[in-house]
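Examining the three-dimensional arrangement
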Amino acid sequence: MDEDTHDTRLFAAFERHDEFVAAQNTLLAVDLFAEPNREEQDAEIECSRKLTMVFGEYQEQSYLLDPYLESLVSPVAGCLRKYAMTCVNTPGAQSSRNRVERLADLLHNHIKFRGYKTITRFFPHEVTDLSIALDFIRLPSGPVSELSQWGLRYAVLLWLSLICRIPFDLQKFDDAIRPGETANAIEDVGKDRLNMAGLEREGAATLLSHFYARKDTRQRFASFVQWSITVFRSSDILISIGALQVLCEVVKSGSSEQLQAFTRQFSEITDTLEQSATLASNTLVRKYRTKLLSRVALRLMPPKVSRPKLKFRSLEGEISNETVQEDVDEDTDVPEEIDTILGSLFKALQDKDTVVRWSAAKGIARLSERLPSDFSSQVLETILGLFSIHSVAGASVYDTPAIAEATWHGACLASAEMARRGLVQTALLQSLLGWLSKALYFDIRKGAHSIGSNVRDAAAYVIWALARAQDPKSFSPYARELAQWLVCVALFDREIHIRRAASAAFQEHVGRMGLFPHGINVLRKTDFYAVSVRRNAFTVAAPQVAEHLEYRSSLIDHLISITLRHWDVAMRELGAQALRRVCELDLKTLGLGCASKLAGFLQSVDVADVHGALAGLTGISEAYRSQGSEDSATNRQKIFAFIAIVPEEVVLAPRNGLVLAATCDLIASSLTPSEVELQDQSSVPHWRNIVDQALRHRSSPVQQAAATAMTTKSSLMDCSPEVLRIIKEFRHGPQLLQQSLGYTLGVLDYNAHPHAFSEVIKCLLDSVHSNSTRMSSIEARRNCFQALPKIIANVLPRLTEYLDAEHMCGVLDVLDGGLDDYTMDERGDVGSWVRMACIQGLTSIFEALFRVSGGVPEFASYLPSEKYHSVIARILRQGVERLDNVRQIAGECLLRLFRIPLPSIPRQEEWRIKGSELMIKLFLSDASDAVTGWSVGEWLFPKAVELLRVKEYRPPLLIGLILSVGTRTGSTHRPVSSSLVSFAQGLPLSPGDSDYSLVELCDDLIECAQGRTASNAVVVPVLQTFNMFLEADVLSHLSEIDHGPSQLAKLLNIATRNVSRLKNVQRVQESMKIAVNLLAVPSVSKSSSERIIDFLSHPYPKIRASTAEYLYTFIQSRELDWEADEAMEELLLETDWSSESMEVRVSATRVSDLLSSAITEQ
């Protein structure tokens, strides 16, 4: 499956600066100590949402905000300072929780957007701010203590950490009688929050690390280390993680003299962490332990013993990528602890979690940078040795156990970090590249998926890093081979990020080394965007790269030996297509050679190998067939003979559907007349049995592949006996066989041979006709419906010879009848499959008949204009019904019919679509969304209701619209309801010069309901439509015209007839709403009031309760010509309508009497 690529828009500047500042100022201008009202709350939430959206939009280019950061962050931090000062000075002040939370969220978004190290520089950092921040965060009942204000606590902790970096004496803030009070308070604030998960722990760790780095509090670090050891021994995970974060930060930024005194304690800490099963099982603990080890080791070594200086491509285009070493002291003493630490880091390289391996890799590389060159070479050798831990001599990477994934990934990451720092010596380059050649293809099957994508990604990272630190001279012996590896991975890897990573590595080498053959040209064909979509990489980019002979053989070898043996079926199928495209560049030379290599996999015990080989052979055979040369048939016959290599029992094995389908595809592409004529003497004697068994297979893809093989066979010989046998066996056979019937009969080549054509048409018509002979399987009926237009298209050049007008009309009638298939099962509206097939089939037949109309005598009898317009109307109905996918198909087909020219016959105007000018104006005025809009109700229905003005198509279209009104899908119900109401409001009351009126619309709706009173699927939406009209006062003036009162009376009769015997609750409720809403229409209010009792005393308690509630709401919310009695309102409210007591009947009668009296007295 191809990946979807959504390219993020790239900006050149912070274009939304003014909008951002305005929204931020709105939030900062509010009073944090006042609760907002509803309007202010909504406005502030909208501003906050807008700011978050802008942050998200620029997240990938956050540097664009750097010139504005001070002006953006300082006001927010200043607002926080002002708020904190007020809270400290006025302890009892009550603030708005929501407003403070929005302020904290804004500050947190700034920090998340650009990082806390950048943002905290703009926080207030005067000495006087210490007491404000410290007192604020220690307020016992202040806003910081609320659980929901985690963002506020995080911001204040970062603020405190910044203040702690100011070089002033903390003792100046202490009372004379309590020395060290301020330092104790800061330390307690940090320690208390180390056991909190999330950002608060991060802020506390940052605060304590800066606190212990101060000169006046440095001596407190010793007690913290001892406290940390106690914590680690207690195996408390949360606080252990916080303590480790503090230690890592202190070791990173503290002075070497201070930290070297704690080497023994650090060693004790790391040993304790390793020995505790609880702590060692936590990923973050192992990650921070690894960081601590590597940073301690860095502190034990002198800074930067060796540092390579690199020179890159000059402006003149000359490449000078040579490494120049500074003078280094190779006699540097390496402490003994370094060896132990390196051993732990090498072990961490094999950790099960990526973050631990990554931390270990960076630690090893940074440490190696400070070691003498001999030692760093030994480190790299040890890293390379990790590759061989799970490898067996002579075995491929596919034989590596799954457990090797972590080891290989860690080794690749460490190699990449070493390469980035120029620590890969030329002597070890060959060995490293040898392992990378295997790591690039590390893809191990594990159950239903594979592992190793991270290894392949890391291998590409190593190669990318090597391009930045190696000199071209040392790389030149391996350049060509490396280019081939990278191109193969960039084109044929399964994962998008790995294809992009390989492309980036290739680009880096082309730009810095200039050693790859045709580097610029190949890079242009395999750039970031070209390889992003898998199908494009396989079928477009790969053939383009294969035009260069240096890459062609490696691409072919990769496709044959790796891609066509891949565990993913989609990869094998795409690989077959790519192989065909590549071979087509020089089919004469490559075709049979590749086919012979593929034939070697046909005897494999792995089904994936067999399937991939068959798919590849099919692609090559199709290439020969499309070429059409003299040797084409001979070469295809040779490929056809390879089928015999696969044992028949393997092809026909019950679970080998993929192999069976691929074999049928190969038969379809390689079958030649000579093989057909040889019959039992054929090179593959059992090929007919394979096709026959595939037709009977339970899988639809296998049946379709077998039908494709039958297509080729039918073009070479008359299959009439076989067709008659298939009809006899499959027509009344199991459902799976019935499904195969439509696939097969629809694709036979009736132009080459008759193939029992008349029996085929009769079988298909009987199979889908709405009578007792119809197939019960919906899939089988769909396939038969799809077969009919295929057959018409097949025999179109000789249409009159095969079909007379009567049979053609029979085909059209059957397809037209399929539009009424609304079969439902546990999968939902499966009849929509048939309806979509019929819509597409009728459209293709109309297009075909119009195209050959000049050569069809008596065209009007083959396609009567009345039948044509009837079908158009019914397709329009499908275009406005409830299912989005059906509407989309119907819309596309209608637009196709709008565009086809009229038939070339006399009186051609009879076939012009009615109201075509209106339709073109509505649907073709904007070509960009004319097709895509039909599935979008908001776009479609305001336009579709206007088509009710076209009289010829009105009844089916109206049915479709009211069925959409009845749907429960909001994206359809809301737009069609509002569109119908708006349309009705714009109609004149009575017929006149207008082409449609409100009276006619009501007549049509009532006629729809009267003709289908037993169908709830129609009556309920009609009642819903009338309720919408009544609630919108569309029908308020209808009683003023002649036929108005009679229409309303008919509506009331439809709604209330036999209501007590109706079982459908939704229909009864809609009927009740009709009766209640008609109380507002003077001409029928009296009759309606008499029917209310039927609902208030209905057998269903739910109906009684909802009637009382709806009637009460109606009386309270509508301006009526009569005034309701208070006693009636009290009865509606006080009566327990859901009970079964006689009181309900009495109350219902009383309400009805009071209602009738009120209306009579008006």
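Residues numbered from 1 in each chain as written. Predicted model: local features only at pLDDT ≥ 70, side-chain atom pairs only at ≥ 80, totals over all residues. Heavy atoms only, no water.

Per an unreviewed UniProt entry, the protein chain is named ARM repeat-containing protein, and its organism is Rhizopogon vinicolor AM-OR11-026.

What follows covers the overall build of the protein chain. Per the secondary structure count, the protein chain includes 58 helices and four strands. Across the 1162 residues that make up the protein chain, the buried fraction comes to 54%. Nonlocal contacts in the protein chain, meaning residues at least 24 apart in sequence, comprise 73% of its contacts between residues at least 6 apart. Carbon together with sulfur atoms contributes 50% to the accessible area of the protein chain, which is approximately 50300 Å² in total. (Helix = DSSP H or I, 4+ residues; strand = E, 2+ residues; numbered from the N terminus. Buried < 20%, exposed > 50% of the residue type's maximum accessible area, 1.4 Å probe, protein only. Contact = heavy atoms within 4.5 Å. Areas by Shrake-Rupley, 256 points an atom, 1.4 Å probe, with all protein chains shown as cover.)

Counted by the stated rule, this structure contains 59 salt bridges. Here D353 ties to R286 by a salt bridge, and the two come within 2.3 Å at their closest N and O atoms. Note that D353 is positioned in the loop between helix 16 (336-348) and helix 17 (354-370) and R286 in helix 15 (residues 283-300), a separation of 67 residues in sequence. Judged by its relative accessible area of 12%, R286 falls in the buried class. (Salt bridge = Lys/Arg side-chain N within 4 Å of Asp/Glu carboxyl O.)

Any two packed helices are characterised by how steeply their axes cross, that is the angle between the axes, and by the distance between the axes. Between helix 4 (residues 97-114) and helix 7 (residues 150-163), the least distance of the axes is 8 Å, while the angle of their chain directions is 55°. By the criterion of interaxial angle, the relationship of helix 4 to helix 7 is oblique. In terms of crossing hand, the pair formed by helix 4 and helix 7 is left-handed. Packed against helix 4, whose contacting residues are V100, A104, L107, H108 and I111, the element helix 7 presents W150, G151, L152, Y154, A155 and L158 at the interface. Its residues assigned to classes, the contact of helix 4 with helix 7 shows nine nonpolar, two polar and no charged. (Axes fitted to C-alpha atoms, helices over the stretch in contact; angles between N-to-C directions. Parallel < 35°, antiparallel > 145°, perpendicular 65-115°, else oblique. Left-handed = near helix turned anticlockwise from the far one by under 90°. Nonpolar A, V, L, I, M, F, W, Y, C, P; charged D, E, K, R; others polar.)

Between the first and last C-alpha of helix 11 (residues 237-253) there are 25 Å, a value that for 17 residues agrees with the 24 Å anticipated at 1.5 Å per step. By the burial criterion, the buried members of helix 11 are I239, S240, I241, G242, A243, L244, Q245, V246, L247, C248, V250 and V251. Where helix 11 is buried, its residues meet helix 9 (199-212), helix 10 (221-234), helix 12 (256-260), helix 13 (263-275), helix 14 (277-280) and helix 15. The backbone nitrogen of L238 lies 3.3 Å from a side-chain oxygen of the residue at the head of helix 11, namely D236. (Expected span 1.5 Å × (residues − 1). Polar contact = N/O pair within 3.5 Å; in protein donor to acceptor, adjacent residues only side chain to side chain.)

Positive phi, normally seen in glycine, also occurs at R907, with a value near 55°. Mapped onto the elements, R907 comes out in the loop between helix 46 (884-899) and helix 47 (916-923). Of note in the backbone geometry, D1033 takes a positive phi value of approximately 60° without being a glycine. Assignment of secondary structure puts D1033 in the loop between helix 52 (1016-1031) and helix 53 (1044-1056). Taking relative accessible area as the criterion, D1033 reaches 45% and is therefore assigned partly exposed.

Aromatic ring pairs: the centre-centre distance and the angle between the two ring planes describe each pair. Counted according to the given criterion, the structure contains 35 aromatic pairs. An angle of 20° between the planes, with centres 5.9 Å apart, marks the rings of W358 and Y461 as stacked. Of the two residues, W358 is situated in helix 17 and Y461 in helix 21 (residues 453-469); the sequence distance between them amounts to 103 residues. Look at W358 and you get partly exposed, because its relative accessible area is 31%. In textbook terms, an aromatic cluster arises when at least three aromatic residues are bridged by ring pairs, as seen for F11, F14, F20, F55, Y58, Y68 and F113. (Phe/Tyr/Trp six-rings, centres within 6.5 Å; stacked < 30°, edge-to-face > 60°.)

What follows deals with the state of the cysteines. Inspection of every chain in the model, using the stated rule, returns zero disulfides. With no disulfide of its own, C412 has C488 as its nearest cysteine by sulfur position, at a separation of 18 Å. Residue classification places C412 among the buried residues on the basis of a relative accessible area of 0%. Here C809 stays unpaired: no disulfide links it, and the sulfur of C838, its closest cysteine neighbor, is 16 Å away. (Disulfide = S-S within 2.5 Å.)

When the domains of the protein chain are assigned, the result is domain 1 (16-166), domain 2 (338-470), domain 3 (476-556), domain 4 (586-717) and domain 5 (1103-1161). The C-alpha-based centres of domain 1 and domain 3 are spaced at 48 Å. (Domains from an automatic or database assignment.)

This brings us to the side chain of R499. Position of R499 relative to the elements: it lies in helix 24 (residues 496-512). Within polar-contact distance, the side chain of R499 engages the backbone oxygen of D493 at 2.9 Å. From its side chain, R499 meets the backbone oxygen of R494 in a polar contact 3.2 Å long.

Turning to helix 15, a few remarks are in order. Helix length check: helix 15 (18 residues) gives 26 Å between terminal C-alpha atoms against 26 Å at 1.5 Å per residue, within 8%. The element helix 15 is extensively covered by neighbouring structure, given that 15 of its 18 residues are classed as buried. Sitting at the amino-terminal end of helix 15 is N282, which places a side-chain oxygen 3.0 Å from the backbone nitrogen of L284.

This part is about the environment of E40. Inspection of the secondary structure assignment puts E40 in helix 2 (residues 38-57). Owing to a relative accessible area of 35%, E40 belongs among the partly exposed residues under this scheme. Taking C-alpha positions, E40 is 49 Å from V1059, a pair spaced 1019 residues apart along the chain.

What follows deals with the confidence of the model for the protein chain. Chain-level pLDDT for the protein chain is 87 on average; 95% of the residues reach the 70-or-more range. Low pLDDT, under 50, characterises residues 319-328; the stretch is placed with 33 contacts to residues that sit more than four places away or in other chains. (pLDDT = per-residue confidence, 0-100.)

Below, the discussion takes up the side chain of H611. Relative to the helices and strands, H611 is located in helix 30 (residues 607-627). A polar atom in the side chain of H611 sits 2.8 Å from the side chain of R572. With residues up to four places along the chain from it excluded, the contact list for H611 reads V569, R572, E573, L658, V659 and A662.

By the element assignment, F11 lies in the segment before helix 1 (17-28). C-alpha separation for the pair F11 and E60, spaced 49 residues apart in sequence, amounts to 9.7 Å.

Here L207 is to be found in helix 9. The spacing of L207 and R165 is 42 residues in sequence and 9.4 Å in space, taken between C-alpha atoms. If near-sequence neighbours (up to four positions away) are discounted, L207 is found in contact with L157, L160, S161, C164, I186, V189 and G190.

Right, let's get into the packing of helix 55 (residues 1082-1096) against helix 56 (residues 1101-1117). One way to put it is that helix 55 packs onto helix 56 with a least axis distance of 8 Å and a crossing angle of 140°. Classified by the interaxial angle, the pair formed by helix 55 and helix 56 is oblique. Along the contact surface, helix 55 presents I1092, F1095 and L1096, while helix 56 presents I1103, R1104, T1107, A1108 and L1111.

What follows covers a negative patch on the surface. Together, E1123, D1125, E1126, E1130 and E1134 make up a region of like negative charge exposed at the surface. You can see E1123 is positioned in the loop between helix 56 and helix 57 (1126-1134). (Patch = residues over 30% accessible without salt bridge, like charges linked within 9 Å, V, L, I, M, F, W, Y side chains within 5 Å. Lys, Arg positive; Asp, Glu negative; His and termini not counted. Charge placed at Lys NZ, Arg CZ, Asp CG, Glu CD.)

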